[in-house]
Number of protein chains: 2
Amino acid sequence: MSVSINEIKNYLVKNNIKPSFPRLKIFEYLASRPTHPTADDIHSALVKEMPTLSKTTVYNTLDLFIRSNIVRSITIDGNEQRFDVDVTNHGHFKCQVCQIIYEFDLDPALINPGSLKNFRIFERNVFFKGICSYCLDKAKADFK
Amino acid sequence: MSVSINEIKNYLVKNNIKPSFPRLKIFEYLASRPTHPTADDIHSALVKEMPTLSKTTVYNTLDLFIRSNIVRSITIDGNEQRFDVDVTNHGHFKCQVCQIIYEFDLDPALINPGSLKNFRIFERNVFFKGICSYCLDKAKADFK
DNA sequence: TCCCAAATAGGATTAAATCTTATACAGAAA
DNA sequence: TTTCTGTATAAGATTTAATCCTATTTGGGA
């Protein structure tokens with residue numbers, strides 16, 4: 001997904017976020033790649049063209065985006081937070097061989113489990129780990 | 001769930017784990033409370049009766065249990081690992097008001113999503129956040 | 001132009017997890 | 001029993017994501 005700076009600007013404004021330069025660049029970074037980067041990924045990528053960009057700004061901006069519901073925080077590996085501009089409910093699968101992160105749709109039955117009836121759910125995290133079909137096929141081919 | 005040290009001993013041996021004293025106590029701690037403790041919780045609770053217990057041992061032991069499939073690692077809050085003796089597939093819900101962690105069953109449709117056909121899934125993590133029905137009721141009652 | 005509140009910078013701090021090295025232990029062999 | 005060997009544990013240093021604190025900068029309104 002490649003989005004123009006102007007589109008992002010309008011999108012931020014529409015969500016009551018002042019479109020400062022760091023915010024524009026951080027959102028552009030998130031929107032332009034499907035890699036679910038960490039805060040550190042974002043910082044080290046953007047600091048090249050914005051030498052004064054601080055990590056605090058990255059974290060502040062991401063928190064702001066999350067509060068405004070235009071970014072969500074996801075957990076895939078235990079101990080590092082990742083960020084995703086896709087705020088719809090979907091799960092993530094990380095292949096332990098190729099490290100690629102796949103997204104998958106959630107069954108509506110999961111989204112509101114019967115046993116959580118009358119609970120109000122604000123945040124849904126679903127992430128699986130294993131080996132993707134491509135790496136499984138590759139492993140099989142290597143055996144021949 | 002209260003389990004005798006002897007039962008735990010047998011259980012560890014059955015899973016090819018030498019039942020050392022730290023291992024017995026760590027497993028007992030996990031089995032006897034439903035709180036999904038962190039490694040630090042376990043350490044600071046047990047260090048009272050085992051003053052030389054080190055964090056390394058706690059982490060090593062938990063890793064061993066996980067590799068042996070008698071404990072699973074779960075993520076509920078972003079940045080701290082928690083541990084659970086219930087290794088069946090189930091989700092966790094954390095109430096942001098009372099902080100209680102509820103467990104809920106997963107719909108079979110989620111366990112093997114169609115879009116991950118031919119993927120091998122080793123680990124399933126599902127955790128939700130929100131407000132539980134009890135805290136919602138309480139809030140409602142407070143308004144009267 | 002000046003002022004004020006919000007945004008950002010920069011570095012210190014915290015804390016979970018890992019790593020390193022040394023010591024203790026338990027079982028096997030003599 | 002004694003010795004040997006590999007495993008388990010201890011203790012503390014190190015790493016690193018995330019937060020916190022304080023100072024500076026920025027931009028819009030008076």
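Sequence positions are assigned chain by chain, starting from 1 and proceeding in written order. Both sets of labels track the order of writing: A upward for chains, 1 upward for ligands. Since the coordinates come from a predicted model, pLDDT governs what is reported: local features require at least 70, and pairs of side-chain atoms require 80 or more to be given and counted, while whole-chain, interface and lining totals use all residues. By convention in this description, side-chain values take in all heavy atoms of the structure and omit both hydrogens and water.

A. Layout of the domain arrangement of chain A. All names here are of chain A. Here chain A is described as being made up of domain 1 (5–84) and domain 2 (91–142). The source of the domain bounds is an automatic or database domain assignment. Taking the mean C-alpha position of each, domain 1 and domain 2 sit 24 Å from one another. Here the quantity called buried area is the accessible surface, traced with a 1.4 Å probe, that two parts lose on coming together, added over both. Summing the contributions of domain 1 and of domain 2, the shared interface buries around 800 Å²; its carbon and sulfur component is 48%. Interface area lost by domain 1 to domain 2 is led by H36, T75 and I76, which between them contribute 55%.

B. Local environment of the protein's contact with DNA strand D. If a single non-hydrogen atom of a residue is within 4 Å of a molecule or strand, that residue counts as near it. Contacts to DNA strand D come from 14 residues, most closely from Y59 and Q81 of chain A together with S20, T56 and T57 of chain B. Here DNA strand D approaches the protein such that, of its atoms within 4 Å, sugar and phosphate make up 69%. Between N or O atoms, a polar contact is any pair within 3.5 Å; within protein, one atom must be a potential hydrogen donor and the other a potential acceptor, and residues adjacent in sequence are included only when both atoms are from side chains. Here a phosphate oxygen of DNA strand D and a backbone polar atom of Q81 of chain A are 2.7 Å apart. In this structure, a phosphate oxygen belonging to DNA strand D sits 2.7 Å away from a side-chain N or O atom of T57 of chain B. Elements are defined by DSSP. Helices are runs of H or I of four residues or more, strands are runs of E of two residues or more, and each kind is numbered from the N terminus. At the level of secondary structure, the elements contributing two or more residues to the surface near DNA strand D comprise α4 (55–67) of chain A together with α2 (21–32) and α4 (55–67) of chain B. For the surface near DNA strand D, the leading source of residues is α4 of chain B, giving three residues.

C. Focus on the relation of the copies chain B and chain A. Note on the identical chains: chain B maps onto chain A by a rotation of 180 degrees and an axial translation of 0.0 Å, with an RMSD of 0.1 Å. Both chain copies can therefore be described as sitting about a two-fold axis. Considering only C-alpha atoms, the part of chain B nearest the rotation axis is V126 of chain B, at 2.2 Å. A residue counts toward the fit only if its pLDDT is at least 70 in both copies, and the copies are then superposed by least squares on the C-alpha atoms of those residues.

D. Structural context of α4 of chain B. Residue and element names in this part refer to chain B. Under the convention used throughout, the expected extent of a helix is 1.5 Å for every residue step, that is, one less than its residue count. Over its 13 residues, α4 extends 18 Å from the first C-alpha to the last, a length consistent with the 18 Å expected when each residue adds 1.5 Å. All of the buried residues in α4 are V58, T61, L62, L64 and F65. Projected down its long axis, α4 shows its buried positions confined to an angular sector of 160 degrees, all on one face. Turned more than 90 degrees off the buried face of α4, the exposed positions are T56 and R67. In this description, contact between two residues means that some pair of their heavy atoms is separated by no more than 4.5 Å. Elements that come into contact with the buried residues of α4 comprise α1 (5–14), α2, α3 (39–46) and β2 (81–84). Backbone geometry just after α4 places N69 at a positive phi near 65 degrees. Any residue under 20% of the maximum accessible area for its type is buried, any over 50% is exposed, and the rest in between are partly exposed; the area is computed with a 1.4 Å probe on protein chains only. Relevant arc is that of directions from the helix axis to the C-beta atoms, nothing else.

E. Inspection of the pairing of strand β2 (residues 81–84) of chain A at higher detail. Residue and element names in this part refer to chain A. When strand β1 (residues 72–75) meets β2, the two strands line up antiparallel, connected through four bridges. In the sheet register, I74 faces β2, and the bridge partner there is R82. With antiparallel pairing between neighbouring strands as the criterion, β1 and β2 make up a hairpin whose turn holds five residues. Any two strands between which DSSP finds at least two bridges are classified as paired.

F. Highlighting the packing of helix α3 (residues 39–46) of chain A against α4 of chain A. Residues and elements named next belong to chain A. As a rule, the C-alpha atoms of each element are fitted with a line to give its axis, helices using only the stretch in contact, and angles between N-to-C directions run from 0 to 180 degrees. Two elements in contact, α3 and α4, have axes separated by 10 Å at closest approach and are oriented at 125 degrees. Classified by the angle their axes make, α3 and α4 are oblique. Judged by the twist between their axes, the crossing of α3 over α4 is right-handed. Every residue of α4 that contacts α3 at A39, D40, I42 and H43 is listed here: K55, V58, Y59 and L62. Under the grouping applied here, Gly and all other residues not named as nonpolar or charged are polar, the nonpolar ones being Ala, Val, Leu, Ile, Met, Phe, Trp, Tyr, Cys and Pro and the charged ones Asp, Glu, Lys and Arg. Looking at the contact of α3 with α4, its residues break down into five nonpolar, one polar and two charged. Note that the term roughly parallel is reserved for angles under 35 degrees, roughly antiparallel for angles over 145, roughly perpendicular for angles of 65 to 115, and oblique for everything else. Handedness of a crossing is defined here by the sense of rotation of the near helix relative to the far one, left-handed for an anticlockwise turn of less than a right angle and right-handed for a clockwise turn.

G. Structural context of the protein's contact with DNA strand C. What surrounds DNA strand C is a group of 14 residues, the closest being S20, T56 and T57 of chain A together with Y59 and Q81 of chain B. Protein-adjacent atoms of DNA strand C, using a 4 Å cutoff, are sugar or phosphate at a proportion of 71%. One nitrogen or oxygen atom from the side chain of R23 of chain A is found 3.2 Å from a phosphate oxygen belonging to DNA strand C. At a separation of 2.8 Å, a phosphate oxygen of DNA strand C approaches a polar side-chain atom of Y59 of chain B. Taken together, the elements giving at least two residues each to the surface near DNA strand C come down to α2 (21–32) and α4 of chain A together with α4 of chain B. The element contributing the most residues to the surface near DNA strand C is α4 of chain A, with three residues.

H. Highlighting the packing of α2 of chain B against α4 of chain B. Residues and elements named next belong to chain B. Direction vectors running N to C along α2 and α4 enclose 70 degrees, while the axes themselves pass 10 Å from each other. As summarised for this structure, α2 and α4 are arranged roughly perpendicular, according to the angle between their axes. Within the contact between the two elements, α2 uses P22, R23, I26, F27 and L30 and α4 uses T57, V58, T61, L62, L64 and F65. When the residues that make up the contact of α2 with α4 are grouped by side-chain class, the tally is eight nonpolar, two polar and one charged.

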